[in-house]
Structure formats: structure tokens, C-alpha cells
Amino acid sequence: MLFLAAVADLKTDRIPNGFIVLGIAVGGAGGLWYHSDLWQSVLSMFLAFLLMYPLFKIGVLGAGDVKVLMMTGSFMTINEFLIVLAASFVIGAVFSLIKILAEHNGRERICYFLSYLAEVMRTRQWRLYGENTVQDYQRYCRNKIHFTIPVLFGVVLRIGGVI
């Protein structure tokens, strides 16, 4: 299911809500079947929402990324989910670094990030990260990774016993 969500994200920049709902239902049923405990699935999903919602609110993650992480959590215990989440962020950082090197825009990204932090500290209010790049779609795409891919890799590493 996560593979299909990643494909949808890559092709359309969206993950259908019906697909997420189906994934959560299957994950909850699997949690009930394998762990005899639906609460593990529910708590993992809730934890995913709690941890990722602030990142969504400032524009670091998209709504689809949060929903995919909630769906992923529905298949796992809290400990498994936290391991996959940490691995996903490490893999995402590596992907971002590769993209920065490929696009040759490291200086631009660092300057933007530092100016963003300075403005947040000066105004003492969060604002949407990257809001000025959304109008320039080409620039927006240069600075974006599809986070469903690092999540998929994190899950594969967990299932494969690497992490």
C-alpha cells in the first residue's frame, strides 16, 4: 500500500484520501490480528499526527505526507513506528543533500533557511516555509522531495531487519 501511495505521490503530487482510509483500515485490522491490540495501531497513528502536524503547519511536510505516516503507523507498534520515522527523516536528509548537490543550489537553500529562521525569531511567529517558492513552480520543484519515498525506504529497511 505504501508503494502505491509513493507512486501516486510521484505521478500526481497527491495521495487519494480513499486510499489512505483503506490503508488505515487494513493496518488497524492487521494490528488487531497480529498484536491482538487495536490500540497499538491507533496510538501509532495518533503519535504520527502529533509529531508531524507542526511540520505540516509550517509547510515542511504536505498533508499527504502526514496522512501516509498515519497510515504507516496503523500497521506498527509505537516503537516500530518511531524507528521507521527516524529512519525516514535520515533517508529524507540524504535525498535532500543529493538533490541540493544535483541542483547546485546549496547556497540558495542555506540562505533561505537562515533568513526564514531570522524572520521567525524577529517576529516571534511561525510562517509557511517556502511560501514564496510556491508561486514559481519550477523553483518549488527544485527544492522539494517526495517524502513518501523515504518513508517507503524506512519501512522496507524495518521489514528487512536492517533497522
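Computed from a predicted model, the values in this text were never measured in an experiment.

Reading the values: the criteria
- For every chain, the first residue of the written sequence is number 1, and numbering continues from 1 along that sequence.
- Predicted model: local features are reported for residues with pLDDT of at least 70 only, side-chain atom pairs are reported and counted for 80 or more only, and whole-chain, interface and lining totals are derived from all residues.
- Note that the side-chain values use all heavy atoms of the structure and ignore hydrogens as well as water.
- Salt bridges are defined as contacts in which a side-chain nitrogen from Lys or Arg sits within 4 Å of a carboxyl oxygen from Asp or Glu.
- The helix count covers DSSP runs of H or I at least four residues long, the strand count covers runs of E at least two residues long, and both are numbered beginning at the N terminus.
- Centre distance within 6.5 Å is the pairing criterion for rings of Phe, Tyr and Trp, where only the six-membered ring of Trp is used; planes under 30 degrees apart are then read as stacked, over 60 as edge-to-face, and the remainder as tilted.
- Throughout, exposure labels follow a simple rule: accessible area from a 1.4 Å probe, protein chains only, divided by the maximum for the residue type, with under 20% read as buried, over 50% as exposed, and the rest as partly exposed.
- Among the buried residues, those of types Ala, Val, Leu, Ile, Met, Phe, Trp, Tyr and Cys that are joined through side-chain atoms within 4.5 Å form a nonpolar core.
- We call two residues contacting when some pair of their heavy atoms lies within 4.5 Å.
- Note on definitions: the grid is 1 Å and covers protein atoms alone; a cavity is a set of points where a 1.4 Å probe fits but cannot get out; a pocket is an open set with protein on both sides within 12 Å along at least five of seven lines; lining residues have an atom within 4 Å of a point.
- Grid points are joined across faces, edges and corners, and a volume is the space filled by probe spheres set on the points.
- Each residue gets one label: Ala, Val, Leu, Ile, Met, Phe, Trp, Tyr, Cys and Pro are nonpolar, Asp, Glu, Lys and Arg are charged, and the others, such as Gly, are polar.
- Confidence of the prediction at every residue is given by pLDDT, a number between 0 and 100.
- Pairs of N or O atoms are called polar contacts if they sit within 3.5 Å, as long as, within protein, a hydrogen donor faces a hydrogen acceptor (for residues adjacent in sequence, only side-chain-to-side-chain pairs).
- For a helix, the expected span equals 1.5 Å multiplied by the residue count minus one.
- By construction, the arc corresponds to the directions joining the helix axis to the C-beta atoms.

Explain the pattern of salt bridges residue by residue, including any values.
A side chain of one charge can pair with a side chain of the opposite charge when the charged atoms of the two come close. Under the definition given, this model contains 2 salt bridges. The shortest N-O distance in the salt bridge between Lys144 and Asp13 comes to 2.8 Å. Here the residue Lys144 occupies a position in the loop between helix 7 (137–142) and helix 8 (148–159), and Asp13 occupies one in the loop between helix 1 (2–12) and helix 2 (17–35), the gap between them amounting to 131 residues.

Can you lay out the packing of aromatic side chains for me, pointing to particular residues and giving the numbers?
In this structure the tally under the stated criterion is 4 aromatic pairs. On the numbers, 5.0 Å between centres and 45° between planes, the contact of Phe89 with Phe147 is tilted. One end of the pair, Phe89, is in helix 5 (residues 78–103); the other, Phe147, is in the loop between helix 7 and helix 8, with 58 residues separating them in the sequence. Phe89 gets classed as partly exposed once you look at its relative accessible area, which sits at 33%. Given a relative accessible area of 6%, Phe147 falls into the buried group.

Hey, could you go over the nonpolar core for me, with residue numbers and the actual values?
One finds Leu2, Val68 and Leu69 to be the most contacted residues of the largest nonpolar core, which totals 23 residues. Looking at this core, the element that brings in the most residues is helix 4 (residues 63–74), giving 5 residues. Contacts of Leu2, omitting those with residues within four sequence positions, involve Val68, Met71, Thr72, Val151, Leu152 and Val155.

Account for the layout of surface pockets, naming residues and giving values.
Estimates place the volume of the second largest pocket at around 230 Å³. Forming the walls of the second largest pocket are 13 residues, and the residues nearest its centre are Leu2, Phe75, Met76, Val155 and Ile159. Those elements giving two or more residues to the lining of the second largest pocket turn out to be helix 1, helix 4 and helix 8. With 5 residues, helix 8 is the largest single contributor of residues to the lining of the second largest pocket. Partitioning the lining of the second largest pocket into residue classes produces 10 nonpolar, 1 polar and 2 charged.

Run through the confidence of the model for the protein chain, naming residues and quoting values.
Per-residue confidence for the protein chain gives a mean pLDDT of 89, with 91% of residues at or over 70. Within the protein chain, helix 7 has the poorest average pLDDT of any element, 62, and helix 8 the best, 96.

I'd love a proper account of the environment of Thr12, names of residues and values included.
Tracing the backbone through its elements, the reader meets Thr12 in helix 1. Note: C-alpha distance between Thr12 and Phe75 (63 residues apart in sequence) is 25 Å. Here the side chain of Thr12 touches Ala8 through a polar contact of 2.8 Å, landing on its backbone oxygen. Here the side chain of Thr12 touches Arg14 through a polar contact of 3.0 Å, landing on its backbone oxygen.

Provide a residue-level description of helix 6 (residues 106–123), including the pertinent values.
With 18 residues, helix 6 should reach 26 Å at 1.5 Å per residue; the first-to-last C-alpha distance of 26 Å fits that figure. The set of residues buried in helix 6 consists of Arg109, Tyr112, Tyr116 and Val120. Each buried residue of helix 6 sits inside an arc of 70° when the element is viewed along its axis, so together they form one side. Opposite the buried face of helix 6, at more than 90 degrees from it, the exposed residues are Arg107, Ile110, Leu114, Met121 and Arg122. Looking at the buried positions of helix 6, the neighbouring elements they touch are helix 5. Of the residues one or two after helix 6, Arg124 is the one with positive phi, at around 55°.

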